[in-house]
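# Structural overview for review
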Amino acid sequence: EDKVVQSPLSLVVHEGDTVTLNCSYEVTNFRSLLWYKQEKKAPTFLFMLTSSGIEKKSGRLSSILDKKELFSILNITATQTGDSAVYLCGRGNAGNNRKLIWGLGTSLAVNP
Amino acid sequence: NAGVTQTPKFQVLKTGQSMTLQCAQDMNHNSMYWYRQDPGMGLRLIYYSASEGTTDKGEVPNGYNVSRLNKREFSLRLESAAPSQTSVYFCASRLAGQETQYFGPGTRLLVL
């Protein structure tokens, strides 16, 4: 069964800290890995990763995929209270109408 | 562009009542999805529609039906609501050939 496991499930940090969120997956029919941010509403897209070792970056957020070890990390540097959210990871499978299999998410709280 | 819209935003039902959740997208996307999101369970796929005229079951289809009315609209129907269907429901859409799914704002449903 395809699984996506995110860790930690929750995290509390202070403003200015750097955090690393982890998403591991099973290898079968892997096509892509996507990161989303969910505040108290709909998930919004952050990054999509398909190739190992190529970092995607947007401001203080960055993400990278390791297809050999079957995981991805999402880094947030110099965290701000506005980064408080649930971060979701979803993996796409080849050839199944592009359904995404989702992890449970990491709940990040950034305290001032 | 409104993106993905959902109605209603919030609904309270009694056990046994029926209702239809509406979803529409104006991005000319081919595929549409219905998810439910519950604490500790993550996003679970109820039904999806790869293209106009086709629908398929996801992970948790029991108690639901869907209609892909046209390319823009994908509705989710609860024929006889049960308390276990209390959840937040998200609709999402995706352009053919791309991986990223775009989410609507969600419908919060409470079944008493």
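Keep in mind that what you see is a predicted model, and the values were worked out from it rather than measured.

Turning to the side chain of asparagine 93 of chain A, a few remarks are in order. All names here are of chain A. Position of asparagine 93 among the secondary structure elements: in strand E9 (residues 85–93). Within polar-contact distance, the side chain of asparagine 93 engages the side chain of arginine 91 at 2.4 Å. Discounting residues that sit within four places of it in the chain, asparagine 93 has contacts with Asp2, Thr28, Asn29, Arg31, Lys99 and Ile101.

All right, on to the layout of surface pockets then. Of the volumes computed, that of the largest pocket is approximately 600 Å³. Taken together, 25 residues make up the lining of the largest pocket; nearest its centre are Gln38, Glu39, Lys41 and Val86 of chain A together with Gln37 of chain B. Among the secondary structure elements, those contributing two or more residues to the lining of the largest pocket are E9 and strand E11 (106–111) of chain A together with strand E4 (31–38), strand E9 (87–94) and strand E11 (107–111) of chain B. In terms of residue class, the lining of the largest pocket is built from nine nonpolar, 10 polar and six charged. As a volume, the second largest pocket reaches approximately 440 Å³. Lining the second largest pocket are 21 residues, and of these Asp2, Ile101 and Trp102 of chain A together with Leu43 and Glu59 of chain B sit closest to its centre. Of all the elements in the fold, those that place two or more residues in the lining of the second largest pocket are strand E1 (4–7) and strand E10 (100–102) of chain A together with strand E5 (42–49) of chain B. Here the lining of the second largest pocket takes four residues from E5 of chain B, the largest share from any one element. In terms of residue class, the lining of the second largest pocket is built from 10 nonpolar, four polar and seven charged.

Moving on: unusual backbone geometry. Across residues other than glycine, the phi torsion is negative in most instances, and most of the peptide bonds are trans. The omega torsion across serine 7 of chain A and proline 8 of chain A is -10°, close enough to zero to call that bond cis. For proline 8 of chain A, the position within the fold is in the loop between E1 and strand E2 (10–14). Going from threonine 7 of chain B to proline 8 of chain B, the amide bond is cis rather than trans, its omega being -5°. Structurally, proline 8 of chain B can be placed in the loop between strand E1 (4–7) and strand E2 (10–13).

Our focus in this paragraph is the pattern of salt bridges. All names here are of chain B. Enumeration over the complete set of coordinates arrives at six salt bridges over all chains. We note a salt bridge from aspartate 38 to arginine 36, for which the minimum N-O separation is 2.9 Å. Between arginine 44 and aspartate 38 there is a salt bridge; the shortest N-O distance is 2.9 Å. Judged on exposure class, the residue arginine 44 and its partner aspartate 38 are both buried.

Residues and elements named next belong to chain B. Scanning the entire structure with this criterion turns up two disulfides over all chains. Cysteine 23 shares a disulfide with cysteine 91; S-S distance 1.9 Å. Between cysteine 23 and cysteine 91, the S-S torsion sits near -70°, and that sign places the bridge as left-handed. Separated by 68 residues along the polypeptide, cysteine 23 in strand E3 (residues 19–25) and cysteine 91 in strand E9 bring together distant segments of the chain. Each member of the pair cysteine 23 and cysteine 91 is classed as buried.

What follows covers the interface of chain A and chain B. Contacts between the two partners involve 19 residues from chain A and, on the opposite side, 20 residues from chain B. Around 1,600 Å² of area is buried between chain A and chain B when both sides are counted, 57% of it from carbon and sulfur atoms. Run the count over chain A and chain B and you get one salt bridge. Glutamate 99 of chain B serves as the salt-bridge partner of arginine 31 of chain A, at 2.4 Å between the closest nitrogen and oxygen. Only strand E4 (30–38), strand E5 (44–49) and E10 of chain A provide two or more residues apiece to the side of chain A that touches chain B. For the side of chain A that touches chain B, the element with the highest residue contribution is E4 of chain A, accounting for five residues.

What counts, and at which threshold
Residues numbered from 1 in each chain as written. Chains lettered and ligands numbered in written order. Predicted model: local features only at pLDDT ≥ 70, side-chain atom pairs only at ≥ 80, totals over all residues. Heavy atoms only, no water. Helix = DSSP H or I, 4+ residues; strand = E, 2+ residues; numbered from the N terminus. Polar contact = N/O pair within 3.5 Å; in protein donor to acceptor, adjacent residues only side chain to side chain. Contact = heavy atoms within 4.5 Å. 1 Å grid on protein atoms, 1.4 Å probe; cavity = no way out; pocket = protein on both sides within 12 Å on 5 of 7 lines; lining within 4 Å. Points joined across faces, edges and corners; volume = space filled by probe spheres on them. Nonpolar A, V, L, I, M, F, W, Y, C, P; charged D, E, K, R; others polar. Salt bridge = Lys/Arg side-chain N within 4 Å of Asp/Glu carboxyl O. Buried < 20%, exposed > 50% of the residue type's maximum accessible area, 1.4 Å probe, protein only. Disulfide = S-S within 2.5 Å. Buried area = accessible area lost by both parts, 1.4 Å probe.

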